[in-house]
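# Observations on the three-dimensional arrangement
This is what each chain is made of:
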Amino acid sequence: LNLAADCNAILKALQPIFQEQGMTETVHNWEDHGYLATYIKKNGSFANLRIHPHGLVLVDLQSYNDHTKGREEVHQLLNKVEERMKELFHGNIKRVKRLPTILRGGVVDRYWPTADGRLVEYDIDEVVYDEDSPFQNIKILHSKQFGNILILSGDVNLAESDLAYTQAIMGNGKEDYTGKEVLILGGGDGGILCEIVKLKPKMVTMVEISFASNIDQMVIDGCKKYMRKTCGDVLDNLKGECYQVLIEDCIPVLKRYAKEGRMFDYVINDLTAVPISTSPEEESTWEFLRLILDLSMKVLKQDGKYFTQGNCINLTDALTLYEEQLSRLYCPVEFSKETVCVPSYMELY
């Protein structure tokens, strides 16, 4: 409202609407802090009407309705509340905002947070795969817009729509992988491996990390069956003409390669995003990233390139802190960065 709320007037105006629904009323009055009225129906549905003295009026209606008629009744009740408020206050309503229905407890979970903490509702209509590996929960959900989406421990990793992510982490078409040695850390959805194999490399080695990756055997099993638009057939076998997939911890593998003097033209890190925390000395994830960076530099040719994801563009402090880590490596490096829109992330990365 544009003016202070007349709590009693609002209660009296809206009371008949809830009474028509057969709802009983309980009112709490905090004097200087406004009113809370609760309306309860025999079927368990209820509404909370919260009136703040400064002019904010909130209506929260919760109802267990799994049929069209029940949902329509909810909309009709809210329409009546809105119309009555407009009649009561005429031109003194500053803004009316009605949020979409939040569906809780359904078979399909539509709500997944972005990296910077915003809640996004996806158009998920099917649970394709849902299993727990020794390392993480693995879900593959179907979206009408984005196709199948791989979600690991609550984190949206990649959808069939997200070729832009794969292209970006490979250098956005600016690199020549022909005849090159490539090391992929993570990448269990198979997208990077699938795209690089098309470019005729000499050999691609993909290796995992046990506690912080998006790759374990169960991820591979799920993706090769349900994410084939992303991975093609490269996950059907762990070895191909120009690639191999190692299901083992990548840290010992990197140390072994460094000791053997094995060198790569490209190292692509698809293990984990830049940590959100801005306290690197207190966060083991930052220590893990520095370890991976140092080990990767030891197996990278002098003129080689290291590609990795960053994080949501809104996490400026965390991204800046990551760049600072690059000055702490055992050898000097130069770096550049690009921003890309990944469809299913619903945010710039």
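Residues numbered from 1 in each chain as written. Predicted model: local features only at pLDDT ≥ 70, side-chain atom pairs only at ≥ 80, totals over all residues. Heavy atoms only, no water.

## Digging into the overall build of the protein chain
Selection rule: Under the DSSP-based scheme used, a helix requires at least four consecutive residues in state H or I and a strand at least two consecutive residues in state E, with every element numbered from the N terminus. In this setup the radius of gyration rests on C-alpha atoms only. A globule is expected at 2.2 Å times the number of residues raised to 0.38. Partly exposed describes any residue whose relative accessible area lies between the buried limit of under 20% and the exposed limit of over 50%, with all areas from a 1.4 Å probe on protein chains only and scaled to the type maximum. The Shrake-Rupley method, run with a 1.4 Å probe sphere, supplies the accessible areas, and residue values consider only the shown protein chains as cover. Charge counting treats Lys and Arg as positive and Asp and Glu as negative, with His and both chain ends excluded. We put the charge of a Lys on NZ, of an Arg on CZ, of an Asp on CG and of a Glu on CD.
For the protein chain, the count of helices and strands is 9 helices and 17 strands. For 349 residues, the compact-globule estimate of 2.2 N^0.38 gives 20 Å, and the C-alpha radius of gyration of the protein chain, at 27 Å, exceeds that figure by more than 25%. Principal-axis analysis of the C-alpha atoms places the extent of the protein chain at approximately 80 × 40 × 35 Å. Sorting the 349 residues of the protein chain into buried and exposed places 44% on the buried side. Carbon together with sulfur atoms contributes 49% to the accessible area of the protein chain, which is approximately 18,800 Å² in total. A gap of 3 Å separates the mean positions of the 38 positive and 52 negative side-chain charges of the protein chain.

## Focus on the domain arrangement of the protein chain
Keep this limit in mind: Domain start and stop points were drawn from an automatic or database domain assignment.
Structurally, the protein chain comprises domain 1 (7–89) and domain 2 (162–327). The straight-line distance from the C-alpha centre of domain 1 to that of domain 2 is 53 Å.

## Quick notes on helix α9 (residues 316–325)
We count it as follows: Taking the helix axis as origin, the arc is that swept by the directions to the C-beta atoms. Residues are treated as being in contact if the distance between any of their heavy atoms lies within 4.5 Å.
Every buried residue of α9 is listed here: A318, L321, Y322 and Q325. Projected down its long axis, α9 shows its buried positions confined to an angular sector of 105°, all on one face. Residues of α9 that are buried sit in contact with α8 (284–298) and β15 (300–308).

## Re α8
Defined as follows: Helix span, as expected, comes to 1.5 Å for every residue beyond the first.
End to end, α8 covers 21 Å across 15 residues, agreeing with the expected 21 Å (1.5 Å per residue, within 8%). Within the sequence span of α8, burial applies to W286, F288, L289, R290, I292, L293, L295, S296 and M297. On its buried face, α8 is in contact with β11 (181–186), α7 (250–260), β14 (264–270), β15 and α9.

## What to know about the layout of surface pockets
What counts, and what does not: Definitions used for this entry: grid spacing 1 Å over protein atoms alone; cavity, a set of points where a 1.4 Å probe fits but cannot get out; pocket, an open set with protein on both sides within 12 Å along at least 5 of 7 lines; lining residue, one with an atom within 4 Å of a point. Grid points are joined across faces, edges and corners, and a volume is the space filled by probe spheres set on the points. Only Asp, Glu, Lys and Arg are considered charged in this grouping, and only Ala, Val, Leu, Ile, Met, Phe, Trp, Tyr, Cys and Pro are considered nonpolar; every other residue, Gly among them, is considered polar.
Size it by volume and the largest pocket reaches roughly 1,800 Å³. Residue lining of the largest pocket: 47 residues in total, with L61, L78, L99, P100 and T101 positioned closest to the centre. Residue assignment for the lining of the largest pocket shows that the elements contributing at least two residues are β4 (57–62), α2 (68–89) and β7 (124–132). Looking at the lining of the largest pocket residue by residue, the class counts come to 24 nonpolar, 9 polar and 14 charged. Roughly 1,400 Å³ of volume is contained in the second largest pocket. Contributing elements (two or more residues each) for the lining of the second largest pocket: α3 (163–169), α8, β15 and α9. Counting residues per element, the lining of the second largest pocket draws most heavily on β15, which supplies 8 residues.

## Topic: the sheet that holds β4
The line we're drawing: A pair of strands is considered paired only if DSSP assigns at least 2 bridges between the two. Structural elements are reduced to axes, namely lines fitted to C-alpha atoms, with helices fitted over the stretch in contact, and the angle between N-to-C directions of any two is expressed from 0 to 180 degrees.
Sheet architecture is open: 4 strands sit in the order β1-β2-β3-β4, paired in antiparallel fashion. Either end of the sheet is taken by a strand with one partner, and the two such strands are β1 (24–29) and β4. Each strand axis lies, on average, 15° off the axis of its neighbour in the sheet, ignoring direction. Sheet analysis places β1 next to strand β2 (residues 35–40), joined by 6 bridges and oriented antiparallel. Residue pairing for β2: T24 is matched across the bridge by I40.

## Comments concerning the sheet that holds strand β8 (residues 137–143)
Taking strand neighbours across the sheet as the criterion, the 4 strands line up as β7-β8-β9-β10 in an open arrangement whose pairing is antiparallel. Lying at the two open borders of the sheet, with one neighbouring strand each, are β7 and β10 (155–159). Each strand of the sheet is rotated relative to its neighbour by a mean of 25°, with strand direction disregarded. Relative to β8, β7 is paired through 7 bridges, and the arrangement is antiparallel. Opposite D130, over in β8, you have K139 as the bridge partner.

## A look at the packing of aromatic side chains
So the rule is basically this: We call Phe, Tyr and Trp rings a pair once their centres come within 6.5 Å, taking the six-membered ring for Trp, and we label the pair stacked below 30 degrees between planes, edge-to-face above 60, and tilted otherwise.
What the rule picks out here adds up to 8 aromatic pairs. Measuring from centroid to centroid gives 5.8 Å for Y129 and Y226, while their planes differ by 45°, and the two rings are tilted. With Y129 in strand β7 and Y226 in helix α5 (residues 217–226), the pair connects residues that are 97 residues apart, well separated along the chain. Owing to a relative accessible area of 14%, Y129 belongs among the buried residues under this scheme.

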